[in-house]
Structure formats: structure tokens, C-alpha cells
Amino acid sequence: MLQEFLSRNRATLIARCRAKVATRRAPRATEQELWYGIPLFLDQLANALRMEQATSPSAPPAIPNTVSSAAIGRTAAQHGNELLRSGFAVGQVVHDYGDLCQAITEVAIEQSATISASEFRTLNRCLDEAIAGAVAEFGRQRDEFAADDSTRTTNERLGFLAHELRNLIGTATLAVATIKRGDVGLTGATGALLDRSLIALRDLVDRTLVEVRLTAGIPKRRERIVVADFIAEAQVAATIEAAVRDLELIVGPIEDGLTIEGDRQILAAGLANVLQNAVKFTRPRGRVSLNAYSAADRVRIGVTDECGGLLEGQAEEMFRPFEQLSAKRTGLGLGLPISRRGVEANGGKLDVRNLAGTGCVFTIDLPRAAPPVS
């Protein structure tokens, strides 16, 4: 009988299942996982067989089945939980019970053991219940973890955003209050402070709106964009910001008829973020250069700053959300990551090249628009 077969070969079956688990790729199984996954299930399976055999032929097996099913479900749920916490995929939940079924079949064939059809039905039912319980718990816990991570990320971003908005509004309010008292004029340092605060507020709102569009998957509004006009629009705001920081902004000549296609708002915000970053970190009385040119079927928009260059490994770090590599830890650290996402969403690339000891060159590389059909 299957119950006696399981009791007699318990150690062999567990060893075979452990051997199968040991051959899988990392992460490795923990002792907890091995306990909940196989040995305890074998005991519960044997118990289910005893209960069904003890049931009289005239009595329905529903009650003992329900009792054994509940125990198997609880144990399997714990197994699914352990697998998730150990870093396994949902497929491993199924494989663990499949390993046991395969081990039982192998040993039964080797020993020429006779197992009745009803016992196989009980085995399959218990395996089904175990797999269903483990997978259900695995999925429930995974969804909870994902929801918790999403909530933490959202709260973190909202906290950063609220903090930055409060600081900028506070600075602007103080500047306005000082000007209203009549002690200073709009053209002085206080007026410049007000300008910087309002510009930063505008940029923060624009950046946040673009991030919302990218994250929510809102369809892009593609249009044909004349690069010379696009650069001229970006130049207006960048010139004001550069003047406030006593920097020189140089814009190179742009080829006539150079066009790209994409979402103007997303691309404009991407270029604005790159320019703001260059202005923010360029040394006092330094220079920021903006140029655009064609390269075969591509259009490249370059922004060169004089930040002093990057340390080894910092080039990619600055594109990670909330990374701020400079001692000037202002802002959310989201501008460049959003810029890269926006450019990539329009079929382009955003990269940075280090000019050791001098600065950086940020390049937005986009497909050149095909000539209009006449």
C-alpha cells in the first residue's frame, strides 16, 4: 500500500528530493524550505491515506479529506512563503512538489511496489492541493511586497517633491516680502533670488508632469520638430538661468532644415533638465555650450559644461533616481533620469562623456526625421 511504501521509504524519498533541489541554480534552498517543502508534506500525505482507508465504504470521505486538505494547504502556504522570501520564482514552487512525485514514481518502479489507482488519486489530489496552496500564498505575498515597495517609493517621491516645493515657495515668499517693504528693487540680488525660485518651481512642475506621463504610459504626441526652433526655445530659459549664475551660454549655428520627430513636451523637458544640470554645476563665470548637428541619419544635441569633470564610475550614477553627486545637494536628483527616460521613449539615447578636469558633454541622440513627402 502507498501509505506503507511512504513510511518505509521516507528517508530515501527526502534524500532524492534534496538531491534534485541541490542541482538547481542559485538561490540555494534553506533548511526551512526543505522542511516545509517535502518531509512535512510526506507525513501529511501518509496521514491523508490513513484517514481515507479508515473511512467505511458507506461513509463519504469528505470529512477526512477536508481535514487533511486544510493541513496540506497550511503547510504548502508556508512553503510558498519561504520560497518567495528566499528569492525563488513561482516555477520552483511547482517543481518542488513535482520532484516528490517523480521520486515516488522512481522508487516504486525500482522496488516493483504496487500502488492502487485510488491511492494514486489521493496522491495526485494532495499534490494538487499542495501546489495550489503554495502558489496562491506565493502570489499573495509577492503582491503584498510589490504593493509595499510601490507605496514606499511613492511616499518617498512625494516627500521629496513636497520638501522641494516648500523650500522654493518659502524662498520666493521671503523675496517678495522684502521687495514689498521697499528696501530693495526687482533688479537687485533679491529680485534675482525671486527669479531663481520661480524658474526652479516651473522646472520642478514641468519635470513632474513629464514623469507622470512617462510612468502612466500616456501616449506620446508625435510631431515634426524643426531643430533650430527647438534649440531657440530651450535657449530662452537657459540664457536667463545662466545670467543669474553669471555664466556664459554659447549656442552654435544649426543646419537649416534639420528636423526630428517626437513628443515636443517630453523632449523639451529632457533638454531643459540637461541644460539646468550644466548651469547648476558649472564653475562661477564659466561657460555652457549648446549645439546641434546631423550625423548620418541621426541628430545629436550636445550640452557641454565646466563642472570640473567626473570621478571614475560617476557617469552612470548620475542617471539613477535620487542620486546627487555634487556637494550642491539641491533638487530631487530626478532631472537626468527623467531626461534619459524621455529621450529613450522617443527612440533616442542620452549619454555623458567625461572631460577629465574640465567638465562633461551630454549628448541627446535622436533619429533624424525623414524628408516630408511632396
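Everything numeric in this text was worked out from a predicted model, so none of it was measured.

**Details of the pattern of salt bridges**
Counted under the stated rule, the structure contains 12 salt bridges. The residue Arg202 makes a salt bridge to Glu241 at a minimum N-O spacing of 3.7 Å. Pair noted here: Arg202 is in helix α8 (residues 189–216) and Glu241 is in helix α9 (residues 227–244), with a separation of 39 residues, a long-range link. Notably, a salt bridge pairs Glu233 with Arg264, separated by 3.2 Å at the nearest N-O pair. Pair noted here: Glu233 is in helix α9 and Arg264 is in helix α10 (residues 264–281), with a separation of 31 residues, a long-range link. Among the residues examined, Glu233 registers a relative accessible area of 44% and is labelled partly exposed. On the basis of relative accessibility, which here comes to 21%, the residue Arg264 falls in the partly exposed class. The network of salt bridges with common partners includes Arg16, Glu106 and Glu110.

**Structural notes on the sheet that holds strand β7 (residues 359–367)**
On the basis of which strands lie adjacent, the open sheet formed by five strands has the order β2-β4-β5-β7-β6 and mixed pairing. The open sheet terminates on both sides in strands that have one partner only, identified here as β2 (248–251) and β6 (349–355). Looking at each pair of strands side by side, their axes are set apart by 15 degrees on average, direction ignored. Bridging between β2 and strand β4 (residues 287–295) involves four bridges; their strand directions are parallel. Residue Leu249 lies in a different strand from β4, and its bridge partner there is Val288. α9 rests against β2, β4 and β5 (298–304) of the sheet, and its axis sits at about 170 degrees to β2. In this fold α10 packs onto β4, β5, β6 and β7, with an angle of close to 25 degrees to the strand it touches most, β5.

Calculation criteria
- Residues numbered from 1 in each chain as written.
- Predicted model: local features only at pLDDT ≥ 70, side-chain atom pairs only at ≥ 80, totals over all residues.
- Heavy atoms only, no water.
- Salt bridge = Lys/Arg side-chain N within 4 Å of Asp/Glu carboxyl O.
- Helix = DSSP H or I, 4+ residues; strand = E, 2+ residues; numbered from the N terminus.
- Buried < 20%, exposed > 50% of the residue type's maximum accessible area, 1.4 Å probe, protein only.
- Pairing = 2+ DSSP bridges.
- Axes fitted to C-alpha atoms, helices over the stretch in contact; angles between N-to-C directions.
- Contact = heavy atoms within 4.5 Å.

Purely geometric stuff here, so don't read any function into it on its own.
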